[in-house]
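Structure at a glance
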Amino acid sequence: MNAPLDNSAIAQRAGRQSQVVKALEGALPRGALLWHSEDTTAYECDGLTAYRQRPLMVALPETQEQVQAVLRICHSLEVPVVARGAGTGLSGGAMPHALGVTLSLARFNRILRMDPASRTAVVQCGVRNLAISEAAAPHGLYYAPDPSSQIACTIGGNVAENSGGVHCLKYGLTLHNVLKVRGLTVEGEPVEFGGDALDSAGLDLLSVVIGSEGMLAIATEVTVKLVPKPLLARCIMASFDDVRKAGDAVAAVIAEGIIPAGLEMMDKPMTAAVEDFVHAGYDLTAEAILLCESDGTPEEVQEEIGRMSEVLRAAGATAIAVSRDEPERLRFWSGRKNAFPASGRISPDYMCMDSTIPRKRLADILLAIQEMEKKYGLRCANVFHAGDGNLHPLILFDANDADQLRRCELFGADILETSVAMGGTVTGEHGVGVEKLNSMCVQFSAAEREQMLGLKRAFDPKGLLNPGKVIPTLNRCAEYGKMLVRGGRISHPDLPRF
């Protein structure tokens, strides 16, 4: 919800708004600057709807020169800037600043060049993830990272969060599928990270900017790698009567030396939600199901499907179904791809967490989450990028109930702390944003956080790009520690102190 403003803050906001509108109106075409509340309300949050903040105004540039002008004006006036793509992010990374400009890059939606010979595409930052694969399809190519929101999410947002998807186990995250990012610094100066070759001279700043959540620079153009479409893909759906058996099966598949194209896990509450939504043919009696995909030549797929099936049976699978054709394979995946909207049908709100743990601890974390459901009095449906240990527990709650929101926040923090205690991290692919800001205090020491802030200051000395997110201050970590004490929460003993 929007933070309430007192009369002094309201007057300050109105004066600031008038000043910035006057400065930006000459830099943007008519209709490309929004500041009335009825126009800016749609921008007050991203996919994390529990937290909202109406921006001072929204800029909708159409050209690189217009973006450059907005940045230069905002920098001179010391106005914060928050870049926004399609708004599908799940950590509040694109939540506006109350006294800042939301820079919407939705109109940068052109595919500039498709090069089948080099297997690359140059696209503007507002191009949808799936649109790249659709454009590459006539050439027998596609863009491998496939977040569940790929029908809507943009490549610029994928770069900001280092997004993955169900096929990231074999084909990698955004970082592994991008060659070059072009954009602008906070001062409006052109900047380029990476290059057209597989390697580039100097510091590897491409891997710094990918996943930086719009804190270091504004990306406007991205060169992505394309891969050949496999001749065949088949998917196994394996049922398990025990979550530990399912978790152990994931580790067993990888231990066998098999790298599936996709390896996903869903628990019983999640399979029930998605089956009612898309009718994917899931086993509703199973405590957990695994989706294991193989792709390649028909001979490779046949051999790998056979090996995976043997491993899954040995691990205790109670039933195994293998897709017979492409429509059935897509049907198996339709449930996993629609896990989030399916959860929205059974709960007014949900908060999707995004921690990562060692594969061998999958069952441990799932059982721990079941105990947390009792502790916090809230339901949780779970879906996992099981192959790389990336969890997506969806805590179900009603944001209109302040106590439920409080318990949901504590539930989420508990999941993240437990993940770190098990040897994992607080995020895998959704970013930190505002959602995991407190949990960064748990995983990283004061010295580590200062190193992160040092990198931020090197790119953005005034701290104007997406301020107040991702990297917590020392004071915030101290306040978080006090909150845990007041709430009776005791942090895991093997985690860093505040």
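Look above for the structure.
As a starting point, this report considers the structure included with it. (Residues numbered from 1 in each chain as written. Predicted model: local features only at pLDDT ≥ 70, side-chain atom pairs only at ≥ 80, totals over all residues. Heavy atoms only, no water.)

Tallying secondary structure elements over the protein chain gives 17 helices and 18 strands in all. The globule rule puts the C-alpha radius of gyration for 498 residues at 23 Å, and the 23 Å found for the protein chain is close to it. Overall size of the protein chain, expressed as C-alpha extent along the three principal axes, is 65 × 60 × 40 Å. Carbon and sulfur atoms make up 53% of the accessible area of the protein chain, which amounts to about 20,500 Å² in all. (Helix = DSSP H or I, 4+ residues; strand = E, 2+ residues; numbered from the N terminus. Rg over C-alpha atoms; globule rule 2.2 N^0.38 Å. Areas by Shrake-Rupley, 256 points an atom, 1.4 Å probe, with all protein chains shown as cover.)

Spatially, the four strands line up as an open sheet ordered β1-β2-β4-β3, and their pairing is mixed. Each of the sheet's edge strands pairs with one partner strand only, and the pair in question is β1 (33–34) and β3 (81–84). Note that β1 and strand β2 (residues 57–59) share two bridges and pair antiparallel. Residue pairing in the sheet places L34 in a bridge with V58 of β2. (Pairing = 2+ DSSP bridges.)

Axis separation between helix α9 (residues 268–278) and helix α12 (residues 339–346) bottoms out at 9 Å; the angle between their running directions is 90°. Considered as vectors, α9 and α12 are oriented roughly perpendicular to each other. Seen from α9, the contacting residues are M270, A273, V274, D276 and F277; seen from α12, they are A339, P341, A342, S343, R345 and I346. Residues that form the contact of α9 with α12 fall into these classes: eight nonpolar, one polar and two charged. (Axes fitted to C-alpha atoms, helices over the stretch in contact; angles between N-to-C directions. Parallel < 35°, antiparallel > 145°, perpendicular 65-115°, else oblique. Contact = heavy atoms within 4.5 Å. Nonpolar A, V, L, I, M, F, W, Y, C, P; charged D, E, K, R; others polar.)

Here Q68 lies in helix α3 (residues 64–77). Setting aside chain neighbours within four positions, we find Q68 in contact with L184, G188 and P190.

Counting residues in hydrophobic clusters, the biggest one holds 81 residues, and the most contacted among them are V224, L290, L312 and F411. Ignoring sequence-local partners within four residues, the contact set of L312 consists of I236, A238, F240, A249, V253, L290, C292, A317 and I320. (Core = buried A, V, L, I, M, F, W, Y, C linked by side-chain atoms within 4.5 Å. Buried < 20%, exposed > 50% of the residue type's maximum accessible area, 1.4 Å probe, protein only.)

What follows concerns the environment of T223. Within the secondary structure layout, T223 lies in strand β10 (residues 218–225). If we ignore the near neighbours within four places in the chain, the residues touching T223 are T120, A121, V122, V178, L179, K180 and D196.

Time to look at the pattern of salt bridges. Under the criterion given, the structure shown has 29 salt bridges. For D364, the salt bridge is made with R361, and the minimal N-O distance between the two is 2.6 Å. Residue R361 is classed as partly exposed on the basis of its relative accessible area of 27%. Note that E450 is salt-bridged to R457, the shortest N-O span being 2.3 Å. What you see here is one network of salt bridges that share partners, running through R182, E192 and E221. (Salt bridge = Lys/Arg side-chain N within 4 Å of Asp/Glu carboxyl O.)

Before going further, it helps to examine the packing of aromatic side chains. The final tally for this structure, using the stated rule, is four aromatic pairs. Pairing Y142 with Y171 gives two aromatic rings, centres 6.3 Å apart and planes at 75°, and the pair type is edge-to-face. Linking Y142 in strand β7 (residues 141–142) with Y171 in helix α6 (residues 168–171), this pair joins segments that are 29 residues apart in sequence. On the accessibility criterion, Y142 (18% relative accessible area) is buried. (Phe/Tyr/Trp six-rings, centres within 6.5 Å; stacked < 30°, edge-to-face > 60°.)

A separate point is helix α11 (residues 326–337). Counted at 1.5 Å a residue, the expected span for α11 with its twelve residues is 16 Å, and the 16 Å between its end C-alpha atoms agrees. Buried within α11 we find E328, R329, F332, W333, S334, G335, R336 and K337. Where α11 begins, the capping side chain belongs to D325, and its oxygen is found 2.9 Å from the backbone nitrogen of E328. (Expected span 1.5 Å × (residues − 1). Polar contact = N/O pair within 3.5 Å; in protein donor to acceptor, adjacent residues only side chain to side chain.)

A few words now on the sheet that holds strand β6 (residues 120–124). With antiparallel pairing, five strands are arranged side by side in an open sheet as β5-β6-β10-β8-β9. The strands lining the two open edges of the sheet, one partner per strand, are β5 (111–115) and β9 (190–194). Within the sheet, the average angular offset between the axes of one strand and its neighbour, ignoring direction, is 15°. In terms of strand pairing, β5 meets β6 through four bridges, oriented antiparallel. In the strand pairing of β6, D115 is matched with T120. Sitting on the sheet, α3 touches β8 (178–184), β9 and β10, and the angle it makes with β8 is about 55°.

Quick look at the pairing of β10 now. In terms of residue burial, β10 counts as a mostly covered element, since seven of its eight residues are buried. Looking at chain direction, β6 and β10 are connected through five bridges and run antiparallel. Looking at β10, one finds that Q124 is bridged to E221. With six bridges connecting them, β8 and β10 associate as antiparallel partners. Of the residues in β10, the one forming a bridge with V181 is V222.

Our focus in this paragraph is α9. The periodicity of an α-helix, 3.6 residues per turn, causes residues three or four positions apart to be oriented the same way. For α9, the complete set of buried residues consists of M270, T271, A273, V274 and E275. Against the buried residues of α9 lie β13 (262–267), β14 (288–296), α11, α12, β17 (379–385) and β18 (390–397). A positive backbone phi angle near 55° is found at H279, which sits one or two residues after α9.

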